[in-house]
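Here's the letter readout for the chains.
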Amino acid sequence: MATQHPALKEFKYTLHRIFKNPTAILGFTLLLFFITVAVMAPYLAPPKYEHNPYKVPHTGFSSIPQPPSAEHPFGTTSGQYDIYYAAVWGTRTSFKIGLFVVSIALLIGVTLGCIAGYYGGLVDEVIMRCVDAFYAIPFLVLAMTIVVAFGRGLDVIMIAIASVAWRNYVRVMRASILTIRDLDYVNAAKLMGVSDFRIMMRHILPNSIFPVMIVASMEIGAYVLIAAFLAFLGLGAPRGYADWGQMIALARNYIVGPPDDPFLYWYTIAIPGGCIVLFVLAWNLIGDALRDAFDPKLRRE
Amino acid sequence: MFSLLMTFSPERRAMVYVTTPQQAKDIPSLIKRYGFDQPFYKQYGRWAKEVASGNFGYSLVASRPVSEAFWIYFPVSLELALYAAPCIIIFGIWMGTKAGRHRNSGFDHFSRVFSIIGWSLPTFLFALVLLMIFYGYTNWFPPGILSDESSLYIIEHPDKFIRYTGLYSIDGILNGNLSIALDSLKHLVLPVITLTVVVCAILMRVMRSGMIEEMSKDYVTTARAKGVDENTILIKHARRNALIPVITVAGTLVALLMEGSVAVEIIFNRQGIGWWLATSAIQLDMPVLMAICLFMGVVFVSVNLIVDILYAVIDPRIRLD
C-alpha cells in the first residue's frame with residue numbers, strides 16, 4: 001500500500017472536515033446555484049439590449065408594480081422593470097462586486113501586511129498607524145464618503161468598498177506572518193542569501209495566507225450587503241441596471257399595499273431581498289465552515 | 001496622542017473630496033472663492049483651523065450651520081442608541097451564555113442559525129420587512145419619530161412642553177405628558193428590534209465561544225468538585241471570564257450600531273445623524289459628511305480608549321504588564 005503524501009493527506013482531512021458539516025454543504029449548494037444562474041444568465045433571461053445586457057427591459061413607465069404573469073414570471077416592479085430579468089442578471093452583478101472587491105482588497109492588504117510583518121520596525125509602525133486611521137471610521141460611513149467623492153455608479157461603489165476593505169487584511173496578514181517570520185527555515189533561507197522578495201513569495205506567503213483567505217471568504221457577503229445598501233440609497237448604477245439593491249429601492253414605496261390588501265406587492269421586495277439574503281448566506285456559511293475546518297483549536301487528529 | 005493621529009487622517013482624506021463636486025459643476029469663480037484650487041494640504045490646514053474654532057461650515061440639507069443642525073439631529077440618534085444598546089447587551093449576553101452552557105442543544109443550534117441569519121440579513125431589508133408587517137399589516141408601530149397629533153401638540157403648546165434633553169420619551173415624562181412619551185416609545189420599537197437583531201449576532205457568537213472555552217477549564221472542574229452549585233459556577237466564575245473577549249469586540253459593536261442606525265433611520269424616517277449623513281451623501285453636502293466622519297471617528301476612538309481602560313479594570317492581569 002503506497003503511503004500518501006502528507007500534504008495530500010492533510011488536504012483530504014480538511015475536505016472531510018469541511019464536508020461533514022451540514023451547513024457547509026448548504027452553503028456550497030447555494031453558491032453552486034448562484035454560479036449556475038450567473039453563467040447561464042444569457043439563456044435564462046435573453047437580453048433585450050444586445051450591447052448592454054445588464055439593462056433591465058421594461059414595458060411601459062407606470063409606477064405601479066404588476067403581479068407575476070406568463071410574460072413576467074416574477075412580476076414587474078415600479079417603472080415596469082422585469083423582476084425576473086433583474087434577479088438573474090443581478091447575480092452576475094453581485095459576483096462582480098464580491099470578487100472584484102475581495103481581490104483588490106486582498107492585493108493591497110496582503111502586500112502591505114507582508115511588508116509590515118516581514119520588515120517590522122519603522123515600516124511596520126507607519127503602515128499599521130495608517131491602518132489604524134482607516135479603522136477610526138465605520139466601514140459604511142467611509143465607503144459612502146468615498147462614493148460621494150468620486151461620483152456615483154457601480155464601479156465607484158466597488159472601488160470605494162475595496163479601498164476601505166483592505167484595512168482588515170493587513171492586520172490579519174501581519175499577525176499571521178509574525179508567527180512564522182522567525183522560524184528556522186526562514187532564517188536558513190536568509191543565510192543562504194535568498195532575496196527578501198523571494199523569501200516572502202516562496203516561503204512565507206504560502207504558509208501564512210490561509211487565515212486571510214478564510215477572513216476573505218467571510219467578508220464577501222458583507223461587501224455585497226454594503227454595495228446593496230449604497231445602491232439602495234441611490235448612489236449606485238443608473239436606474240434600470242440589474243442590481244438587487246436598486247430593485248429594493250424601486251420597491252420601497254410599495255412595501256405597503258392598499259388598506260384592504262397590505263401585502264399586495266410582496267413580490268417586489270421578497271424576490272430581490274431573498275436573492276441578497278441567500279447570496280450572502282451562502283458566503284457566510286462557507287466562511288464559517290472554512291473557519292471551523294482550519295481552526296487549530298478544534299482540529300484534533 | 002495615538003488617538004489624535006487616528007482621528008486626523010480621515011479628515012485629511014475627506015478634505016480632498018471637497019473639490020470634486022465643485023469642479024464637476026465647473027464654476028471656476030466659486031472654486032477660486034473657496035480656494036478649492038489650492039493644494040490640498042493648504043485646504044486641509046484651513047479646514048482644520050476652522051474646525052478648531054468651532055466652524056464646521058453650512059449644511060445645505062438642514063439649511064443651517066452644521067454645528068447648529070447637529071444638535072437637532074443628535075438627540076434622535078442618541079435616543080435610538082440609548083434604547084438599543086441595553087437590548088443588544090442583555091439579549092446578546094443572555095443568549096450567548098445559554099448557548100455556550102448547553103452546547104449542541106436545540107437552543108445552541110437555534111442561536112447559531114439566528115446569528116448567521118442576523119449576519120446575512122441586510123439591515124435595510126430587515127427594517128423594510130418589519131415595517132411591511134407591523135405597520136402595513138397590523139398597523140401597530142408606525143415609522144417616524146412622533147405621531148402627527150403629538151408633534152402638533154408640541155408645536156401649538158411650546159410653553160407646556162419644554163425640551164430638556166431633546167429625547168422625546170424622557171421629555172414627555174419630565175413634562176408630565178405620558179402620552180407623548182408612550183407615543184415616542186411606540187415609534188422606537190421597530191428600530192430597536194432591527195438594531196438588536198443585526199448587532200446582536202456578533203456579540204452572541206463571541207459570548208458563546210467564550211463560555212465554551214471557560215466551561216472546559218480546570219477551575220470550573222475544581223469548583224464542581226468542591227460542590228459549588230451549577231448556577232454559581234456559571235454566573236460567578238465562567239461568565240465573568242467569558243466577558244473579557246466580549247469587551248474587546250465592544251468597538252466593533254459600536255461601529256455596527258452606527259452603521260446600522262444609518263439604515264434604520266432612513267427606513268423608519270427618523271431624522272437623526274444617520275439620516276442626515278445619507279441625505280447629505282445623496283445631495284453632496286460636503287461639510288456635513290466631513291463633520292459626521294469626524295464625529296463618528298471621535299466616538300469610535302473614545303469607545304476604544306474606554307475599552308482599553310475598562311480592560312485593565314476588569315482583568316488585573318493586564319494591569320500588571
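Calculation criteria
- Residues numbered from 1 in each chain as written.
- Chains lettered and ligands numbered in written order.
- Predicted model: local features only at pLDDT ≥ 70, side-chain atom pairs only at ≥ 80, totals over all residues.
- Helix = DSSP H or I, 4+ residues; strand = E, 2+ residues; numbered from the N terminus.
- Buried ≥ 20, exposed ≤ 12 C-beta atoms within 10 Å, placed from the backbone.
- Contact = placed C-beta atoms within 7 Å.
- Axes fitted to C-alpha atoms, helices over the stretch in contact; angles between N-to-C directions.
- Parallel < 35°, antiparallel > 145°, perpendicular 65-115°, else oblique.
- Left-handed = near helix turned anticlockwise from the far one by under 90°.
- Nonpolar A, V, L, I, M, F, W, Y, C, P; charged D, E, K, R; others polar.
- Core = buried A, V, L, I, M, F, W, Y, C linked by C-beta atoms within 7 Å.
- pLDDT = per-residue confidence, 0-100.
- Expected span 1.5 Å × (residues − 1).
- Bend = angle between axes of the 7 residues up to and from the residue.

Colleague: Please clarify how the overall build of chain A should be interpreted in this entry.
Modeller: Across its full length, chain A carries 11 helices and 0 strands. Going from the N terminus to the C terminus, chain A shows its helices and strands as α-α-α-α-α-α-α-α-α-α-α. Dimensions of chain A along its principal axes, counting C-alpha atoms only, are 75 × 55 × 40 Å. Per-residue burial for chain A yields a buried fraction of 45% across its 301 residues. A separation threshold of at least 6 residues defines the contact pool for chain A, and within that pool the share at least 24 residues apart is 71%.

Colleague: What am I meant to see in the packing of helix α7 (residues 184-191) of chain A against helix α8 (residues 196-208) of chain A here?
Modeller: Residue and element names in this part refer to chain A. Relative to each other, α7 and α8 sit at 155°, their axes nearing to 11 Å. In terms of their interaxial angle, α7 and α8 are classed as roughly antiparallel. Regarding α7 and α8, the two cross each other, and that crossing is right-handed. Contacts from Y185, V186, A189 and K190 of α7 reach α8 at I199, H203 and I204.

Colleague: Please clarify how unusual backbone geometry should be interpreted in this entry.
Modeller: With phi around 55°, N269 of chain B is a residue other than glycine that occupies positive phi space. Of the residues examined, N269 of chain B has 13 C-beta atoms within 10 Å and is grouped as partly exposed.

Colleague: Would you mind going over the interface of chain B and chain A with me for this structure?
Modeller: Counting residues at the interface gives 37 residues for chain B and 37 residues for chain A. Sorting the residues of the side of chain B that touches chain A by element identifies α1 (2-17), α6 (106-120), α7 (123-137), α13 (250-267), α14 (273-282) and α15 (286-314) of chain B as the ones contributing at least two each. Looking at which element gives the most residues to the side of chain B that touches chain A, the answer is α7 of chain B, with 8 residues. Split by residue class, the side of chain B that touches chain A holds 30 nonpolar, 6 polar and 1 charged.

Colleague: Can you walk me through the environment of S208 of chain A in this structure?
Modeller: All names here are of chain A. For S208, the position within the fold is in helix α8. A sequence separation of 63 residues divides S208 from T145, and the C-alpha atoms of the two residues are 33 Å apart. Contact partners of S208, with chain neighbours within four places excluded, come to S176, I177 and I180.

Colleague: Where do I start with the nonpolar core in this structure?
Modeller: Soluble globular proteins: nonpolar side chains tend toward being buried together. All names here are of chain A. By size, the foremost hydrophobic cluster in this structure holds 173 residues, and its most contacted members are A143, I161, Y223, I226 and L230. Broken down by element, this core gets its largest block of residues, 17 residues, from helix α9 (residues 210-233). Sequence-distant contacts of L230, defined by excluding residues within four places in its chain, comprise A143, M144, V147, I157, L235 and G236.

Colleague: Just to check I follow, could you spell out the confidence of the model for chain B for this structure?
Modeller: Any residue range with low pLDDT should be treated as having predicted coordinates unsuitable for detailed reading. Residue and element names in this part refer to chain B. In this model, chain B carries a mean pLDDT of 74, and residues with pLDDT of at least 70 account for 76%. Below a pLDDT of 50 lies the segment residues 1-33, which in the model reaches 52 contacts outside its immediate sequence neighbourhood of four places, other chains included. Note on the complex model: pTM 0.82, ipTM 0.77.

Colleague: Would you explain the packing of helix α5 (residues 66-101) of chain B against helix α10 (residues 178-215) of chain B in this entry?
Modeller: Relative orientation and spacing of two packed helices are given, respectively, by the angle between their axes and the distance between those axes. Residue and element names in this part refer to chain B. Look at α5 against α10: their axes get within 6 Å of each other, and the N-to-C directions meet at 35°. Between α5 and α10 lies a crossing of right-handed hand. Residue classes in the contact of α5 with α10 are distributed as 21 nonpolar, 6 polar and 2 charged.

Colleague: Is there a simple way to think about α9 of chain A in this case?
Modeller: At 3.6 residues per turn, the α-helix brings residues three or four places apart onto the same side. Residue and element names in this part refer to chain A. Here α9 spans 35 Å end to end across 24 residues, near enough to the 34 Å set by a 1.5 Å rise per residue. At E219, α9 is deflected by roughly 35°, the largest bend along its length. Counting buried positions over the 24 residues of α9 gives 19, a clear majority of the element. Positive phi appears at G234, one or two residues downstream of α9, with a value of about 95°.

Colleague: What is the right way to look at the confidence of the model for chain A in this model?
Modeller: Across chain A, the average pLDDT comes to 81, with 92% of residues at or above 70. Considering each helix and strand of chain A separately, the mean pLDDT is smallest for helix α1 (residues 6-19) of chain A, with a value of 76, and largest for helix α3 (residues 83-119) of chain A, with 88.

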